[in-house]
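The residues making up each chain are set out below.
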Amino acid sequence: PFAGLALLMAALYGYAADQLSRRDQTAGVLSSTAVFATGAIAALALAFTFALEKGWLTVALALMVPGIAWIEAKRPLTALRYLAAGMVAVVLLRIGYEPRIVGRDVGTTPIFNWLLYGYGVPAASFWYAGYTLRRRADDGPARAADAAAILFTVLFAFLEIRHYMTGGDLYAQVAALGEIALQVGGGLAMTIGLERLRLRTNSIVHNAGALAVGALTLAAIAFGLMLEVNPLLWPTNTGGPLFNLILLGYGIPALLAAILAVSARATRPLPYRYVAAATAVILSLLYLTLEVRRLFHSSRIGPSLPTFDAEQYTYSAVWLAFGVALLIAGFFLRSQPARLASAAVIAITIGKVFLVDLADLTGIFRALSFIGLGAVLVGIGWLYQRLVFPPRSAAITKPANEPG
């Protein structure tokens, strides 16, 4: 009965606001219309609160935001824009009170569980509301909706991955390589998407969102992939020889980081591109190193396993080939970060050959290591001479008036 009464009040207030909006828009009429519109939305929210609970209340309140934005597009009242922002704040408070939406009854089915409704529906609602409000003005309410859309999208992706990897226990204390790999891949993909979106909208929120998601993903790479779950530091079961957790955790993120670096060439300052390129190179080196180690050992690798001569030599050969590939890519793309990354990789390889291979390798592998390094360095010198520092022509053209 209380929900029905609140719904009736919402209908009456909405009817009054609609009738007033058809009159001459004097200051008094505008104020009265805004008051009745506010009352209609407040009564509707009260009806939802009386009738629904837990997850359904969250979904209903979130769906009110695009509804308010749509009405504001038809009846341009400034009060409606701020009411939309207020409803965004209400949904945020509701999620903060219970992030699992429905307590322990989230469900165990991947993707299709209460996280989809509790985070996916608000995310889609806020994206639409931000787009609709931004068409009239890029003001505080529009930016609030855009910021909430980014936040709920990130939370939705993070929690769905968490739910899938832990069997539904969002508060599990374990974070394995597979979970962090999926989180990093998702973070990089969202950063690339936000980078493209900000170029279309020129929104400060989308720009800040791209930077924030990128920074969080970089932290997950540094403290997660490189330290907490790195198979070079901790014994890890990586799976099959090629399609394994190494590819998921280091190969795919390296490719995504490279795409981010290339896509930001003309839109971000040089330090941003350097960080993206360096992240791609480091992840690629880790991927190649771990993949070589996996091919020489079983699926469970770790720091305690012995390193064979052939394995040690393969590290040097693969690193050197990667450095040359970066150099060629830098020439074709005219990318200074790629050429600098190539120089860094080759310098690391040179250091490894002289400090590690010289001490550990024996016989044919030691000879091959130095011969291969020398041949590659000569080839790099020739490449630089031909492409970067081409020789000047020695021929001198005579002036036209000089006698033969």
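Overview of the structure. (Residues numbered from 1 in each chain as written. Predicted model: local features only at pLDDT ≥ 70, side-chain atom pairs only at ≥ 80, totals over all residues. Heavy atoms only, no water.)

## Overview of the overall build of the protein chain
- Check the secondary structure of the protein chain and you find 13 helices and two strands.
- Overall size of the protein chain, expressed as C-alpha extent along the three principal axes, is 90 × 75 × 25 Å.
- Relative to its full complement of 404 residues, the protein chain shows a buried share of 41%.
- Of the roughly 21,300 Å² of accessible surface on the protein chain, 69% is carried by carbon and sulfur atoms. (Helix = DSSP H or I, 4+ residues; strand = E, 2+ residues; numbered from the N terminus. Buried < 20%, exposed > 50% of the residue type's maximum accessible area, 1.4 Å probe, protein only. Areas by Shrake-Rupley, 256 points an atom, 1.4 Å probe, with all protein chains shown as cover.)

## Focus: a nonpolar patch on the surface
- A grouping of L5, L8, M9, L12 and Y13 is seen on the molecular surface, where their side chains present a nonpolar patch of about 470 Å² in accessible area.
- Turning to its location among the elements, M9 is positioned in helix α1 (residues 2–21).
- By relative accessible area, M9 is classed as partly exposed at 35%. (Patch = residues over 30% accessible without salt bridge, like charges linked within 9 Å, V, L, I, M, F, W, Y side chains within 5 Å. Salt bridge = Lys/Arg side-chain N within 4 Å of Asp/Glu carboxyl O.)

## Some words on the packing of aromatic side chains
- In total, this model carries six aromatic pairs according to the counting rule given.
- Measuring from ring centre to ring centre gives 5.0 Å for W56 and W114, while their planes differ by 80°; the resulting arrangement is edge-to-face. Here the residue W56 occupies a position in helix α3 (residues 54–74), and W114 occupies one in helix α5 (residues 114–136), the gap between them amounting to 58 residues.
- For the pair Y119 and F152, a centre-to-centre distance of 5.8 Å together with 40° between the ring planes defines the contact as tilted. Residue Y119 is located in helix α5, and its partner F152 is located in helix α6 (residues 140–166); the two are separated by 33 residues in the primary sequence. Each member of the pair, Y119 together with F152, is buried.
- Following the ring pairs from residue to residue traces out a cluster consisting of W56, W114 and Y117.
- The cationic tip of R268 hangs over the ring face of Y272; the distance from NZ or CZ to the ring centre is 5.0 Å.
- Over the ring of W319 we find K352, and its NZ or CZ is 6.0 Å from the ring centre. (Phe/Tyr/Trp six-rings, centres within 6.5 Å; stacked < 30°, edge-to-face > 60°. Lys NZ or Arg CZ within 6 Å of the ring centre and 35° of its normal.)

## With respect to the packing of α1 against helix α2 (residues 27–51)
- As a packed pair, α1 and α2 sit with axes 7 Å apart at the nearest point and diverge in direction by 160°. Our classification of the angle between α1 and α2 gives roughly antiparallel. Viewed along their axes, α1 and α2 form a crossing whose handedness is left-handed.
- When the residues that make up the contact of α1 with α2 are grouped by side-chain class, the tally is 20 nonpolar, five polar and no charged. (Axes fitted to C-alpha atoms, helices over the stretch in contact; angles between N-to-C directions. Parallel < 35°, antiparallel > 145°, perpendicular 65-115°, else oblique. Left-handed = near helix turned anticlockwise from the far one by under 90°. Nonpolar A, V, L, I, M, F, W, Y, C, P; charged D, E, K, R; others polar.)

## A word on the side chain of T191
- Tracing the sequence through the fold places T191 in helix α7 (residues 177–201).
- The exposure class of T191 is buried, given its relative accessible area of 0%.
- If sequence neighbours within four positions are ignored, T191 has contacts with A210, V213, G214, T217, L260 and Y272. (Contact = heavy atoms within 4.5 Å.)

## Focus on the environment of D138
- For D138, the position within the fold is in the loop between α5 and α6.
- Along the sequence, D138 and P241 sit 103 residues apart, while their C-alpha atoms lie 51 Å from each other.
- Ignoring anything within four residues of it in the chain, the contact list for D138 reads R143 and S203.
- Side-chain polar atoms of D138 contact the side chain of R143, separated by 3.5 Å. (Polar contact = N/O pair within 3.5 Å; in protein donor to acceptor, adjacent residues only side chain to side chain.)

## Side note on α5
- With 23 residues, α5 should cover 33 Å at 1.5 Å per step; its first-to-last C-alpha distance of 34 Å lies within 8% of that length.
- The backbone nitrogen of L115 has a side-chain oxygen 3.0 Å away, supplied by the residue at the start of α5, namely N113. (Expected span 1.5 Å × (residues − 1).)

## A short note on the pattern of salt bridges
- Per the stated rule, a full pass over the model turns up 12 salt bridges.
- Between R75 and D18 there is a salt bridge, with its nearest N and O atoms 3.1 Å apart. Placement of R75 in the loop between α3 and α4 (78–97) and of D18 in helix α1 is noted, with a sequence separation of 57 residues between them.
- Relative accessible area serves as the criterion here: at 30%, R75 is assigned to the partly exposed category.

## Comments concerning the environment of P66
- Its place among the elements puts P66 in helix α3.
- Once the C-alpha coordinates of P66 and Y131 are considered, the two residues, 65 residues apart in sequence, prove to be 9.5 Å apart.
- Apart from the residues lying within four places of it in its own chain, the contact partners of P66 are S125, Y128 and A129.

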